[in-house]
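# Reading the structure
In case you want the letters, here they are:
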Amino acid sequence: MSALSPIPLSMPDISDLEEVMVLETLRSGRLSIGPMVEKFESLVARRVGCRFGIAVNSGTSGLHLLMASLGIGPGDEVITTPYSFIASSNCILMVGARPVFVDIDPVSFNMDPAQLEAAITPRTKAIIAVSTFGNPAHMDVYERIADHHGIPLIEDSCEALGATLNGRASGSFGTAGVFGFYPNKQITTGEGGMIVTDDSGIAELCRSMRNQGRPIPRPGAAHVHTHSAGGQHMGSWLAHERLGFNFRLSELNAALGVGQMERLDHILAARDTIANQYLSRLAGNTFATPIQVPQNARMSWFVFALRLADRFTQMDRDAIIADLRENGIGAADYFPCIHLQPFYRNLLNITAGQFPQAEALAQRSMAIPFHNRMTSSEIERVVSTLERAVAKRMPQRKAA
Ligand SMILES: Cc1ncc(COP(=O)(O)O)c(C=O)c1O
């Protein structure tokens, strides 16, 4: 292990503002279902340009709720990408439906729009499109295809808060979008997520189902829950209109999110700066390419991912990751293909080779440290260690 201080793969950017907001909320005694959740919802919805924001306790819960609110279930198919974090596909299995994968476009790493239409069948009940690593490429095309076929498009924007395509915010394409706020994301609530939509019916259903299927309080109706004021049960607190979950976000998490949202532009600008430093330091190398962002898009950098050149094998990539880690540098194999996870293979009877672009990328892609507070010397240390690690895997050739 290196004697130098470790450089983590990711790190949240929390300021005094968030500390004060969380502490004030803690001291208020109102720890769930309160003003912070409402404020957080309206901040995210306004930012994205959607009518409704529904805060939930994770991005996964948001995706799950959307599947349930669309009535998707056994016998249905949902089209999605095989190259993503597994939750973008697990939400389909959670409601008993079948994920149908469409291979990726190797330039943007997102689903290949040219192959999407051919995957649509009479059983297709939704498309879940992921803005991989914060790249919103093709969302407009997916939206056109979904509209043409009368199928809802769900944007899995868990990695893409702040991204735009033709000036439109990630999350605002299609029927609904979901953001994730795990600590490696652009902003964090510790754990948390947010559904955004313009559809009042979906918003209502999601609000009810995140809260144990309780009815949604009508504007002007007396508060129906008094648990925080002494445990009395009144009105409809114990009335449940439908099957629901407890996917609520606490007031403490929401307070953290409100503080983070107020600093979002600063956070995104800091991430752009770090990404641009990496891009210029890596320019001209022959061993890896970063994700390609379309001209009409603003990338919201989630992680800094690289695709190693085709001459490297998966074993090379894994050895390079191990080498970086031995030198105190965070690195990870973002992302293994979802369809090749053993339980997916068994469940869906999928074999390797079905999605060649995703598989080729997954064997060679890796994330290197990326967070707002990285210094220039840390970036230099990451890249020069990477270059040495790469050179060890190709002793006859130069790394860069
Ligand atoms: C593309 C994508 N979808 C869904 C999720 C799930 O979000 P969470 O971890 O908040 O459940 C993530 C989180 O990493 C993600 O990257």
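Conventions we followed
- Residues numbered from 1 in each chain as written.
- Predicted model: local features only at pLDDT ≥ 70, side-chain atom pairs only at ≥ 80, totals over all residues.
- Heavy atoms only, no water.
- Helix = DSSP H or I, 4+ residues; strand = E, 2+ residues; numbered from the N terminus.
- Rg over C-alpha atoms; globule rule 2.2 N^0.38 Å.
- Buried < 20%, exposed > 50% of the residue type's maximum accessible area, 1.4 Å probe, protein only.
- Contact = heavy atoms within 4.5 Å.
- Pairing = 2+ DSSP bridges.
- Axes fitted to C-alpha atoms, helices over the stretch in contact; angles between N-to-C directions.
- Phe/Tyr/Trp six-rings, centres within 6.5 Å; stacked < 30°, edge-to-face > 60°.
- Core = buried A, V, L, I, M, F, W, Y, C linked by side-chain atoms within 4.5 Å.
- Domains from an automatic or database assignment.
- Buried area = accessible area lost by both parts, 1.4 Å probe.
- Salt bridge = Lys/Arg side-chain N within 4 Å of Asp/Glu carboxyl O.
- Polar contact = N/O pair within 3.5 Å; in protein donor to acceptor, adjacent residues only side chain to side chain.
- Near = heavy atom within 4 Å.
- Areas by Shrake-Rupley, 256 points an atom, 1.4 Å probe, with all protein chains shown as cover.
- Nonpolar A, V, L, I, M, F, W, Y, C, P; charged D, E, K, R; others polar.
- Left-handed = near helix turned anticlockwise from the far one by under 90°.

### Some remarks on the overall build of the protein
Regarding its fold elements, the protein presents 13 helices and 15 strands. Relative to the compact-globule value of 21 Å for 400 residues, the protein shows a C-alpha radius of gyration of 22 Å, a close match. Counting only residues that meet the buried cut, the protein has 57% of its 400 residues in that class. Taking all contacts inside the protein whose residues are at least 6 apart in sequence as the whole, residues at least 24 apart take part in 74%.

### Considerations on the sheet that holds strand β2 (residues 77-80)
Where strands meet in a sheet, backbone hydrogen bonds hold them as pairs that are either parallel or antiparallel. A sheet is described by the order of its strands in space; here seven strands give the open sequence β1-β9-β8-β5-β4-β2-β3, paired in mixed fashion. A strand with exactly one partner marks an edge of an open sheet, and here the two such strands are β1 (52-56) and β3 (98-101). Each strand axis lies, on average, 25 degrees off the axis of its neighbour in the sheet, ignoring direction. Summarising the sheet, β2 and β3 pair through four bridges and their orientation is parallel.

### A closer look at the packing of aromatic side chains
By the definition in use, this model includes 16 aromatic pairs. For the pair Trp301 and Phe304, a centre-to-centre distance of 5.4 Å together with 20 degrees between the ring planes defines the contact as stacked. There is no split in this pair, since Trp301 and Phe304 are both buried. Here the aromatic residues Tyr83, Phe85, Phe109, Phe133, Phe302, Tyr334 and Phe335 are joined through ring pairs into a cluster of three or more.

### Here's the deal with the nonpolar core
Membership of the largest hydrophobic core comes to 53 residues, with the highest contact counts inside it found for Tyr83, Phe133, Tyr278, Phe304 and Met366. Within the residue set of this core, elements represented by two or more residues are α9 (264-282), β14 (304-308), α10 (314-326), α11 (342-348), α12 (356-364), β15 (365-368) and α13 (376-393). If you tally residues by element for this core, the top one is α13, at six residues. Both domains that furnish three or more residues to this core are identified here as domain 1 (16-262) and domain 2 (264-393). Those residues in contact with Tyr83 that lie beyond four places of it in its chain are Ile104, Phe109, Thr132, Phe133, Tyr334, Phe335, Ala358, Leu361, Ala362 and Ser365. In terms of nonpolar packing, the next biggest core, distinct from the first, is built from 25 residues, Leu63, Val78, Cys206 and Met209 among them.

### Structural notes on the domain arrangement of the protein
Taken domain by domain, the protein holds domain 1 (16-262) and domain 2 (264-393). Inter-centroid distance (C-alpha atoms) of domain 1 to domain 2 is 26 Å. Taken together, the contacts link 42 residues of domain 1 with 38 residues of domain 2. When domain 1 packs against domain 2, close to 3400 Å² is buried across both sides, 65% of that on carbon and sulfur atoms. Our count for the domain 1 to domain 2 interface comes out at one salt bridge. The residue Asp265 makes a salt bridge to Arg47 at a minimum N-O spacing of 2.9 Å. Where domain 1 touches domain 2, the interface holds 20 residue pairs in polar contact (both at pLDDT 80 or more).

### Thoughts on the site of the ligand
For the ligand, the set of nearby residues contains 13 residues, the closest of which are Gly59, Thr60, Asp156, Glu159 and Lys185. At 2.5 Å from an oxygen atom of the ligand is found a side-chain nitrogen or oxygen belonging to Thr60. Notes on the ligand: free accessible area 390 Å², of which the protein chains cover 92%. Ranked by residue count, the leading element in the shell around the ligand is helix α3 (residues 59-69), at three residues. Considered class by class, the residues forming the shell around the ligand number five nonpolar, five polar and three charged.

### With respect to the pattern of salt bridges
Close approach of charged atoms lets side chains of opposite charge pair. Inspection of the entire model under this criterion finds 17 salt bridges. Arg207 is paired through a salt bridge with Glu41; the nearest N and O atoms lie 3.1 Å apart. Highlighted residues: Arg207 in helix α7 (residues 200-210) and Glu41 in helix α2 (residues 35-48), separated in sequence by 166 residues. We note a salt bridge from Asp318 to Arg317, for which the minimum N-O separation is 2.8 Å.

### Examining unusual backbone geometry
The step from Tyr334 to Phe335 runs through a cis peptide bond, and the omega angle for that step is -15 degrees. Tracing the sequence through the fold places Phe335 in the loop between α10 and α11. Not every positive phi belongs to a glycine, and Phe109 is a case in point at roughly 75 degrees. Within the secondary structure, Phe109 sits in the loop between β3 and α5 (113-119). What makes Phe109 buried here is its relative accessible area of 2%.

### With respect to the packing of α2 against helix α8 (residues 251-262)
In the contact formed by α2 and α8, the axes pass within 8 Å of each other and the chain directions differ by 35 degrees. Where α2 crosses over α8, the handedness of that crossing is left-handed. Contact residues: α2 offers Pro35, Met36, Val37, Lys39, Phe40, Leu43, Val44 and Arg47, while α8 offers Glu251, Ala254, Ala255, Gly257, Val258, Met261 and Glu262.

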